[in-house]
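What follows is the residue order along each chain.
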Amino acid sequence: MSVTPEILSLVDPTVAQLKRRQIEGTKDIALSISQLLMRVISTARWTNPYDLIKIIRKVGTILISAQPKEVVVGNVVRRVLALIRDEIETEATSSSTTASASKDTPMMSSMFSLLSTNNNDSNSEIHHQSKKQSSDLRSIIIQGIRDLIDEISNVNEGIESMSVDLIHDNEILLTPTPSSSTVLQFLIKARAKRKFTVLVTENYPNDIARARKFVKTLAENKIETVLIPDSATFAVMSRVGKVIIGSNSVFANGGCLTNSGVANVVECAKEHKTPVFAVAGLYKLSPLYPFNREDLIEVGNSGKVLNYDDHKLIDNVEVITNPLYDYVPPEHIDIYLTNVGGFAPSFIYRIVLDNYKTEDTNLE
Amino acid sequence: MSAVAEKADTKDQPVKQVKKPEASSAEGTKKLSGKELKELKKLEKAAKRAASKEASGITPEEQKQIAEQKKQKAKEAAAAAAAAAQAHATNTNLKKQLNQTLIKDKAAQKKIPALFSHLETREQRNASSPSISHIVHPEILTLTLKYSTYKIVGSMPRLTAMMKAFKIVIRDYETPANTTLTRNLTGHLSHQIEYLKSARPLSISMGNAIRWLKQEISVISIDTSDEMAKEILCEKINDFIREKIELSDQLIIQYASKHITEGSTILTFGHSQVLEELFKYCAREQGKKFNLIIVDSRPLFEGKKLLHNLIDTTIGDDTYGQVPITKDHIRVQYTLVYSLSSTILEDVDCIFVGAAAMLSNGRLYSRVGTGLIAMMAHSRNIPVLTCCESIKFSDKVQLDSVTTNELADSDDLAQDQDLKKPPQKKSFALEQFLKAKKEAASDETNNNNSTNTNKNKQQQQKQKQQQQQKDEENKADEEPDVPLKDWRTTPNLNILNIMYDLTPPEYINKVVTELGALPPSSVPVILREYKNT
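Residues numbered from 1 in each chain as written. Chains lettered and ligands numbered in written order. Predicted model: local features only at pLDDT ≥ 70, side-chain atom pairs only at ≥ 80, totals over all residues. Heavy atoms only, no water.

Going by an unreviewed UniProt entry, chain B carries the name Translation initiation factor eIF2B subunit delta and comes from [Candida] railenensis. Heading Sequence similarities (unreviewed entry) of the UniProt record for chain B holds this comment: "Belongs to the eIF-2B alpha/beta/delta subunits family." Heading Subcellular location (unreviewed entry) of the UniProt record for chain B holds this comment: "Cytoplasm, Cytosol". (UniProt positions renumbered as here; feature names shortened; annotations may be inferred.)

The name given to chain A in an unreviewed UniProt entry is Translation initiation factor eIF2B subunit beta, with [Candida] railenensis as the source organism. Chain A has a UniProt comment under Subcellular location (unreviewed entry) that states "Cytoplasm, Cytosol". Within the UniProt record for chain A, the comment given under Sequence similarities (unreviewed entry) is "Belongs to the eIF-2B alpha/beta/delta subunits family."

What follows is the structure, given as structure tokens:
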């Protein structure tokens, strides 16, 4: 089944925006994707809910190919797919009162069903739904997406509430991700109960402007703030109590993708046995595994590293790269703080299983 | 800088207090306002300046006269003050005001995070020096300026420049009557060193060299004539530069060049004199081709300096034309500290770092960022080598980078967001000079209206206001949009700009010195041997 022109016309503007990077920040991307999917579901015509799943998967692949390195796009699509699948399942169990209903939903993760045949596909053909049912389903799914949007936009609240338990008075914290609004809110919230000092790295050259804004905001909120150059992290690390990092996306193995320069800092923290907290909304958790790290990391304008005006230097330098992201391996992070609680990196795969269906890990 | 002005003010204080009653008696019962006080201060300064100029005999006669008038006035004032009760109400007020401003200024200056508040800031350094500036040799003045603007940076270039300057100082030195060179020269040099310290604290190597020089001065017999003694000292300094710096570097380069093999990938951080020579030597003399990754950091961007110097070094003969060594022999990759953890370290064979000092517990004291790089290399099993002349060895022990460090100007980090150039600092002396010029000009106009009526005063005030406005406008023009321009006045906001960090010995595989290559644990051995010779 192919995507109809109406749906394509809905998707195209967002694809263009993603390609042009007009939507900045993972949160905004997640919100716009979920809103787009809501519109797609309300316009799409389908009789069988599995057709809807196919449409969403198609739309998902289109969106992901628009900005392949932004994992959040795929996350949101998968969350919506899981939502639809959950609805179908509950519908199935409630409509069929026969004993076979329990057999219809086999425990995928259980060892008992390893040898049993999976008859999901036949399932879909059995359930011919009436028009009324499908419109009910539609409204339920849309309500589900509304809840998802709520969750994404209020992601900071859940994380903030943990701040007081993790910071003690007069502690020195270090954050290498001045672009993260979650970290900012986390610290501001903690300031209400605790007095502490925050060291902020400049993250030159990609984040320096944001770092300056970040330290200003922190200082305005009566938090003792110190801006340090990236090179000074090793020198001050022995005095730092905790490192707090924001993340762009968290992979199922517990590793995460964050601003470039963070991997240095967390490695340094590891060396000094300083605990590292990563804050991440649930929507950043991805069911993917970071198999090829070079593919994950996007590179930016190398003119920021060595100005193009310096033609003499440019002429004589073979390679200049400006990576925009860093991959942080799970062993360098102690705890992930999400809006549903704090988890060790080794447990992230479980949270991922709770929120996504394994069928959707690969959308193509 | 304002600290200097403060000092001057405090010096002026007693005289001013003396002046007050005279002024009030002249103007009747009317009490002095703040503005009038300021004017008085200015007059006082002008008087001082004129007096000093008079002493040096440069000034035109006009100014002399004015100065004399001022002196007379001051004398009169003193008399009047003696007559007036010492515990005059306004007197104490004035004191209070001065004290308050002092404290306020200090609060503004002390913008260092609590963690590093024990370190001396640039302002504090400046404040401690100027009282002796009149006996400082001009060569030392220029050197101080070059240090503070980072024109000369890196411990070896600094050491070489200092020794050369000392040679000139010694050559121009004349023993005052009733003393001997052996006794007095050390003191004279101490004053120069004091002043030199106002730019940046002495490096370990400079400290070692100064100790050596003082030792050499003290062993000169009293019977040698001044001329002879100076000759001997200059010769010794020449030998020192040759032996401890130039020849040492050559030896180190020979030892270290074994580690750069054809086709290998070398990573280096910032700029080090001996490493620069090493890379040039490998490319030019040995004809090796290798990859060089230069890691750079804010705010000094010393890696660019290394790159520039490498590009300026050419190879080839005149028939085929000279080609920079970066074209054929050294493939350069330039990065900043932040991108280290990505793929860069994957194919590095060896890391060379410079040194500011080698401490006796085996730790390496070097440009901030070295520790980070050494740590990352260590965890990836990449050997880390440091090239360090034995003059940089110190018997100090230190465990972390926080207790002893050097604070650089935080403004370097607050500005130049888009410019990737090293900070262009306005020189301290130049600013002082301009200020003095401006004040002198305004004082002259003041003096012209010495028979000032109230009207004149008002006009002056207007003029001043206009001038101030202009000044402010100029300032606004000079500094475009600096986001953290007002960081000093923002409460809770600090910027930390330290110069050095400490690399633990376990990250360092080899220390290459002119005495051979050794592990960091052998530093105290070298120190013992070195002291014995």
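So, next bit.
K.L.:
Looking at this model, I keep getting lost on the pattern of salt bridges. Mind explaining?
P.N.:
Residue and element names in this part refer to chain A. This model, assessed by the stated rule, comprises 23 salt bridges over all chains. Across the pair Arg 45 and Glu 6 runs a salt bridge whose closest N-O atoms are separated by 3.2 Å. A residue pair is termed long-range when its members are at least 10 positions apart, and Arg 45 in the loop between helix H2 (26–43) and helix H3 (49–66) and Glu 6 in helix H1 (residues 5–19) qualify at 39 residues. Residue class for Arg 45 comes out exposed when judged on its relative accessible area of 67%. (Salt bridge = Lys/Arg side-chain N within 4 Å of Asp/Glu carboxyl O. Helix = DSSP H or I, 4+ residues; strand = E, 2+ residues; numbered from the N terminus. Buried < 20%, exposed > 50% of the residue type's maximum accessible area, 1.4 Å probe, protein only.)

K.L.:
I'm lost on the interface of chain B and chain A in this one. Help?
P.N.:
How big an interface is tends to be stated in terms of accessible area lost as the parts join. Listed per partner, the contact involves 62 residues of chain B and 54 residues of chain A. Carbon and sulfur atoms supply 59% of the area that chain B and chain A bury against each other, a total of about 4,900 Å² over both sides. Here chain B and chain A share six salt bridges between them. Notably, a salt bridge pairs Asp 400 of chain B with Arg 239 of chain A, separated by 2.6 Å at the nearest N-O pair. The tally of links between chain B and chain A comes to 26 residue pairs in polar contact (both at pLDDT 80 or more). Within the residue set of the side of chain B that touches chain A, elements represented by two or more residues are helix H12 (302–312), helix H13 (325–328), strand S5 (330–336), helix H14 (370–379), helix H15 (411–414), strand S10 (493–495) and strand S11 (500–503) of chain B. With six residues, the single largest contributor to the side of chain B that touches chain A is S5 of chain B. Per-class residue counts for the side of chain B that touches chain A are 32 nonpolar, 18 polar and 12 charged. (Contact = heavy atoms within 4.5 Å. Buried area = accessible area lost by both parts, 1.4 Å probe. Polar contact = N/O pair within 3.5 Å; in protein donor to acceptor, adjacent residues only side chain to side chain. Nonpolar A, V, L, I, M, F, W, Y, C, P; charged D, E, K, R; others polar.)

K.L.:
Would you take a moment to explain the sheet that holds strand S7 (residues 276–279) of chain A for this structure?
P.N.:
Each strand in a sheet pairs with its neighbour through backbone hydrogen bonds, running either in the same direction (parallel) or in the opposite one (antiparallel). Spatial ordering of the open sheet is given by S11(A)-S10(A)-S7(A)-S4(A)-S1(A)-S2(A)-S3(A)-S10(B), a layout of eight strands whose pairing is mixed. In this open sheet, the two strands that pair with only one neighbour each are strand S11 (341–343) of chain A together with S10 of chain B. Each strand of the sheet is rotated relative to its neighbour by a mean of 25°, with strand direction disregarded. Direction of pairing for strand S3 (residues 224–228) of chain A relative to S10 of chain B: parallel, over a ladder of three bridges. Paired with Val 226 of chain A across the two strands is Asn 494 of chain B, which belongs to S10 of chain B. Sheet strands in contact with helix H10 (residues 181–191) of chain A are strand S1 (171–175), strand S2 (196–201), strand S4 (242–246), S7 and strand S10 (335–338) of chain A, and its direction is about 135° off that of S4 of chain A. (Pairing = 2+ DSSP bridges. Axes fitted to C-alpha atoms, helices over the stretch in contact; angles between N-to-C directions.)

K.L.:
What should I look at first to understand H10 of chain A in this one?
P.N.:
Because each turn of an α-helix spans 3.6 residues, side chains separated by three or four positions end up pointing in the same direction. Inspection of H10 of chain A places Thr 182, Val 183, Leu 184, Phe 186, Leu 187 and Ala 190 of chain A among the buried residues, and these make up the whole buried set. The distance from a side-chain oxygen at the start of H10 of chain A to the backbone nitrogen of Thr 182 of chain A is 3.3 Å, and the residue carrying that oxygen is Ser 180 of chain A.

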